[in-house]
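Examining the three-dimensional arrangement
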Amino acid sequence: MAATGNKNINAKLVLLGDPGAGKSSLVLRFVKGQFVEFQESTIGAAFFSQTLAVNDATVKFEIWDTAGQERYHSLAPMYYRGAAAAIIVYDITNQASFDRAKKWVQELQAQGNPNMVMALAGNKADLLDDRKVAGFGLQEAQVYAQENGLFFMETSAKTATNVNDIFYEIAKRLPRVQPAQNPSGMVLTDRPAERAASATCCS
Ligand SMILES: Nc1nc2c(ncn2[C@@H]2O[C@H](COP(=O)(O)OP(=O)(O)OP(=O)(O)O)[C@@H](O)[C@H]2O)c(=O)[nH]1
């Protein structure tokens with residue numbers, strides 16, 4: 001079988017979510033394999049890139065880690081516009097952050113790229129005892145994600161649980177550009193025989 005060759009895919013990915021949910025920590029874990037106990041709040045946004053090999057493709061993520069603070073909200077469309085993927089992050093110990101995550105999903109559904117691959121990350125999974133997305137927690141998030149076409153994982157930037165996995169799952173779900181079956185564009189042919197036929201057909 002002829003090899004189709006390696007496909008290189010560049011994918012813009014944006015992280016959105018409440019301040020303190022752990023967006024920067026997830027990126028730092030994924031890109032540098034590090035975790036900082038007292039990670040500073042992001043100002044505006046920060047850019048990172050990281051490459052993953054997935055099946056027959058190499059996916060280069062161009063990652064925009066946005067600032068969660070409300071005063072930066074108006075900047076968000078600049079980062080999610082044209083993004084191929086988004087990770088919406090909440091903190092499993094903070095109910096308000098889950099509610100905010102749903103608002104981000106609504107905003108992306110209304111204004112984001114319709115083919116965007118969306119992942120919901122319930123972060124700080126190492127703090128299971130403090131779980132505050134209360135009473136329902138894991139199950140509510142799973143149901144919500146399913147109903148809204150997202151895929152969902154609980155993650156921990158601290159212990160690295162599911163961090164590479166969530167990026168890997170996104171990479172797998174990105175639409176692959178299909179090789180053209182036929183030359184693109186319209187082929188115009190001059191068919192004088194037909195024209196001649198039609199000119200004489202009905203007179
Ligand atoms: N226990 C635990 N703490 C975490 C985890 N992820 C992040 N943190 C901590 O939570 C705090 C906030 O993390 P950040 O990564 O700065 O959160 P953020 O969402 O980027 O916040 P903004 O930049 O303000 O939007 C930091 O003190 C982190 O060390 C995690 O998985 N487990």
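An account of the accompanying structure is given in this report. (Residues numbered from 1 in each chain as written. Predicted model: local features only at pLDDT ≥ 70, side-chain atom pairs only at ≥ 80, totals over all residues. Heavy atoms only, no water.)

Some details on empty space enclosed by the protein
What counts is decided by this rule: Grid points spaced at 1 Å and placed over the protein atoms alone form the basis of the search, with a cavity being a set where a 1.4 Å probe fits but cannot get out and a pocket an open set showing protein on both sides within 12 Å along at least five of seven lines. Lining residues have an atom within 4 Å of a point. Grid points are joined across faces, edges and corners, and a volume is the space filled by probe spheres set on the points. Ten residue types, Ala, Val, Leu, Ile, Met, Phe, Trp, Tyr, Cys and Pro, are classed as nonpolar, four, Asp, Glu, Lys and Arg, as charged, and the remainder, Gly among them, as polar.
By the definition in use, this model includes one cavity of 30 Å³ or more. Reported here for the largest cavity is a volume of approximately 40 Å³. Considering the residues around the largest cavity, the lining is formed by G44, T66, A67, Y72, H73, L75, A76, Y79 and W104. Of the residues contributing to the lining of the largest cavity, the split by class is six nonpolar, three polar and no charged.

Points about the environment of A84
Note the following rule: Note on conventions: DSSP H or I runs of at least 4 residues are helices, E runs of at least 2 residues are strands, and numbering of each starts at the N terminus. Two residues qualify as a contact provided that any one of their heavy atoms is within 4.5 Å of a heavy atom in the partner residue.
Looking at where A84 falls in the secondary structure, it is placed in the loop between α2 (76-80) and β4 (85-91). Sequence separation of A84 and A171 is 87 residues, and the distance between their C-alpha atoms is 9.9 Å. The residues touching A84, leaving out its near neighbours within four places in the chain, are A11, K12, N113, N115, M116, V117 and L174.

Focus on the packing of aromatic side chains
To keep it simple, the criterion reads: Pairs were defined over the aromatic rings of Phe, Tyr and Trp, the Trp ring being its six-membered one, requiring ring centres within 6.5 Å. Orientation was assigned from the angle between planes: stacked under 30 degrees, edge-to-face over 60, tilted for the rest. Working definition: with a 1.4 Å probe on protein chains only, accessible area under 20% of the residue-type maximum means buried, over 50% means exposed, and in between means partly exposed. Whether a charge lies above a ring is judged from NZ of Lys or CZ of Arg, which has to be within 6 Å of the ring centre and within 35 degrees of the ring normal.
Going through the model one piece at a time under the given rule, you end up with seven aromatic pairs. Arranged with centres 5.0 Å apart and planes meeting at 55°, the rings of F47 and W64 form a pair that is tilted. On the criterion of sequence distance, the pair formed by F47 in strand β2 (residues 45-54) and W64 in strand β3 (residues 57-66) is long-range, its members being 17 residues apart. Look at W64 and you get partly exposed, because its relative accessible area is 26%. Residues W64 and Y79 carry aromatic rings whose centres are separated by 5.0 Å and whose planes lie at 40° to one another, so their mutual orientation is tilted. Separated by 15 residues along the polypeptide, W64 in strand β3 and Y79 in helix α2 bring together distant segments of the chain. Residue Y79 is classed as buried on the basis of its relative accessible area of 12%. Among the aromatic residues, ring-to-ring pairing joins F30, F61 and F167 into one connected group. Positioned over the ring face of F151 is R173, at 4.2 Å from the centre of the ring.

Re the pattern of salt bridges
Counted only if it meets this: By definition, a salt bridge exists where a carboxyl oxygen of Asp or Glu is found within 4 Å of a side-chain nitrogen of Lys or Arg.
Counted under the stated rule, the structure contains six salt bridges. Across the pair E140 and K102 runs a salt bridge, and its minimum N-O distance is 3.3 Å. With a gap of 38 residues between them, E140 in helix α4 (residues 137-147) and K102 in helix α3 (residues 95-111) connect regions that are remote in the sequence. Overall, K102 belongs to the partly exposed group, its relative accessible area being 24%. Between E169 and K172 there is a salt bridge, and its shortest N-O distance comes to 3.3 Å. On the criterion of helical spacing, the pair formed by E169 and K172 is a turn pair, its members being three residues apart in helix α5 (residues 163-173). The partly exposed category is assigned to K172, whose relative accessible area is 38%. What you see here is one network of salt bridges that share partners, running through E169, K172 and R173.

Some details on the pairing of β2
Remark: a regular strand shows side chains that alternate across the two faces of the sheet. Selection criterion: At least two bridges found by DSSP between two strands is the condition for calling them paired.
Direction of pairing for β2 relative to β3: antiparallel, over a ladder of 10 bridges. Its bridge partner being in β3, A53 is matched across the sheet by T58. Where β2 hands over to β3, the hairpin turn is made up of two residues, of which N55 adopts a positive phi near 50°.

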